[in-house]
Amino acid sequence: MIDPSAYRFVTQPEGFVSVEPLPDPDELAAFYAQLYYQSPQSATFQTNYSDSEIAQRYMRGRLLLDAIAAASGAPVASKSFLEVGCGEGFLLKTARDAGCRIRGIDFSSFGLERWHPELLPDTKAGNAFQILDRIIEEGQTFDICVLQNVLEHVIDPRALMGQLRRLLSPGGVIAVTVPNDFSRVQIRAEELGLINRRFWLAPPQHLHYFNTDTLAPFVRAMGFEPLDAFADFPIELYLYHPASNYVADSTAGKGAHRARIELELLLAESGLDQLHQLCRSMTACGLGRNISMIARPASARP
């Protein structure tokens, strides 16, 4: 892959930031199929998770499904559910357990084979754009389409959003989750000298960078109407205290991560509705490591 130092970062018309030059499509596909999950240096794949980490992943999945049900005005049970970039399968299993008719797509089946091999019959590994094109040609549609931490990875996020729009059933919704990068918290930490590098820049894994200010304009430009937006735990607040600044001191990273997991599970004990309200408010303040948005085609009206 191209050395990260060779990239420039440019602001797109919709406001999000992209790298230039973009990598070769075949090279990028090989990276995800052969290295992304398998590499010990990957921040995405782990050979083991703690019980709390697993519980938090399933909890976030239930929160997303509850938010989709609230935004669409109907329970998710019996709905057709497509997840592009299903990864290790935590959300896909949560959707199946909630009664959805699931289908998953990913460049690699490696993570799924490790964590949820029982879901393999409902998934397809390969070039996501090509698989989606075949599904569109077959005339299939879905009530729910999910992109969980995918848009930042693909070469052409606009094309992917266009494919999902064609795949939605009447009344269907999409759910998009992206990292909250070039956020107010990150930029202020840089201004205050709390960090000495823009740690969120990670090409070739991350090619595009959205945040709480730019995701909605992008979604609207793609022909969707945002219905809801909410964040996850704002771990980057730890950068503002020397003892927990995991960028200045990498040894603080594991502790910050553990605290994030336990605190988010603690907040969820008050109920997913209450946590959802808190996560919405965090988004309005520009907080959260990741942000999720639920939207429907702009022409769709109840």
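What counts, and at which threshold
Residues numbered from 1 in each chain as written. Predicted model: local features only at pLDDT ≥ 70, side-chain atom pairs only at ≥ 80, totals over all residues. Heavy atoms only, no water. Helix = DSSP H or I, 4+ residues; strand = E, 2+ residues; numbered from the N terminus. Core = buried A, V, L, I, M, F, W, Y, C linked by side-chain atoms within 4.5 Å. Buried < 20%, exposed > 50% of the residue type's maximum accessible area, 1.4 Å probe, protein only. Pairing = 2+ DSSP bridges. Disulfide = S-S within 2.5 Å. Right-handed = clockwise from strand over helix to strand, strands pointing away. Expected span 1.5 Å × (residues − 1). Arc of directions from axis to C-beta. Axes fitted to C-alpha atoms, helices over the stretch in contact; angles between N-to-C directions. Contact = heavy atoms within 4.5 Å. Phe/Tyr/Trp six-rings, centres within 6.5 Å; stacked < 30°, edge-to-face > 60°.

> Hey, could you run me through the environment of G126 in this one?
Mapped onto the secondary structure, G126 falls in the loop between β5 (123-125) and α5 (128-137). Each C-alpha atom, one on G126 and one on I54, is 26 Å from the other, the two residues being 72 residues apart in sequence.

> Explain the nonpolar core to me, please; I cannot follow it from the model alone.
Ranked by size, the top nonpolar core spans 62 residues in total, and within it I68, F81, L147, L151, M161 and I174 carry the most contacts. In terms of nonpolar packing, the next biggest core, distinct from the first, is built from 19 residues, F182, A189, I195 and F233 among them.

> When you look at the pairing of strand β10 (residues 290-297) in this model, what are you seeing that I'm missing?
Taken residue by residue, a regular strand's side chains alternate between the two faces of the sheet. β10 sits mainly inside the fold: 8 of its 8 residues count as buried. With 6 bridges joining them, strand β7 (residues 168-179) and β10 adopt antiparallel strand pairing. By the bridge assignment for β10, P179 is matched with N290. By the bridge criterion, 7 bridges tie strand β9 (residues 224-231) to β10 in an arrangement that is antiparallel. Paired with F230 across the strands is S292, a residue of β10.

> Just to check I follow, could you spell out the state of the cysteines for this structure?
Should the sulfur atoms of two cysteines be covalently bonded, the bond is a disulfide. Taken as a whole and assessed by the stated rule, the structure comprises 0 disulfides. No disulfide involves C100; its sulfur sits 12 Å from the nearest other cysteine sulfur, which is in C145. Assessed through its relative accessible area of 6%, C100 is described here as buried. With a relative accessible area of 1%, C145 lands in the buried category.

> I tried to follow the pairing of β7 on my own but got confused; where do I start?
Counting buried residues along β7, 10 of its 12 residues qualify, which places the element largely inside the surrounding structure. Direction of pairing for strand β6 (residues 142-148) relative to β7: parallel, over a ladder of 6 bridges. Residue pairing across strands places L147 opposite V176, the latter belonging to β7. Crossover handedness for the path β6 to helix α6 (residues 157-167) to β7: right-handed.

> For this particular structure, what's the right way to read helix α10 (residues 272-284)?
Residues three or four positions apart in an α-helix share a direction because the helix packs 3.6 residues into each turn. When the terminal C-alpha atoms of α10 are compared, their 18 Å separation across 13 residues agrees well with the 18 Å that a helix rising 1.5 Å per residue should span. Taken residue by residue, α10 has L272, L275, H276, C279, M282 and T283 as its buried positions. Down the axis of α10, the buried set is contained in an arc of 120°. They therefore lie on one face. Residues of α10 that are exposed and angled more than 90 degrees away from the buried face: D273 and A284.

> Sorry if this is basic, but what is going on with the sheet that holds β6 here?
Across a sheet, paired strands are connected by hydrogen bonds in the backbone, their directions being either parallel or antiparallel. Taken together, 7 strands build an open sheet; the order of strands is β5-β4-β3-β6-β7-β10-β9 and the sheet is mixed. The open sheet is flanked by β5 and β9, the only strands paired with a single partner. Across the sheet, the mean angle separating the axes of adjacent strands is 15° when strand polarity is ignored. Where strand β3 (residues 80-84) lies against strand β4 (residues 101-106), 5 bridges are found, and the strand directions are parallel. Looking across to β4, one finds that F81 is bridged to I102. Docked against the sheet, α6 engages β3, β6, β7, β9 and β10, running at close to 150° with respect to β7.

> How should I be thinking about the sheet that holds strand β1 (residues 8-11) in this particular structure?
The 3 strands are arranged β1-β2-β8 in an open sheet whose pairing can be described as antiparallel. Looking along the sheet, the strands with just one partner apiece sit at the ends: β1 and β8 (208-209). Inspection of the sheet shows strand β2 (residues 17-20) paired to β8 by 2 bridges, in the antiparallel sense. Along β8, the bridge assignment pairs V17 with Y209.

> What's the story with the packing of aromatic side chains in this structure? I'm lost.
What describes a pair of aromatic rings is the distance from one ring centre to the other and the angle between the planes of the rings. Tallied over the entire structure, the rule returns 13 aromatic pairs. Between the aromatic rings of F16 and F218, the centroid separation amounts to 5.2 Å while the plane-to-plane angle is 80°, which identifies the pairing as edge-to-face. A residue pair is termed long-range when its members are at least 10 positions apart, and F16 in the loop between β1 and β2 and F218 in helix α8 (residues 215-221) qualify at 202 residues. Taking relative accessible area as the criterion, F16 reaches 1% and is therefore assigned buried. Centre to centre, the rings of Y49 and W115 are 4.8 Å apart; their planes meet at 40°, and the pair counts as tilted. Here the residue Y49 occupies a position in the loop between α1 (25-36) and α2 (51-72), and W115 occupies one in helix α4 (residues 110-115), the gap between them amounting to 66 residues. Comparing Y49 with W115 shows no difference in burial state: the two are buried.

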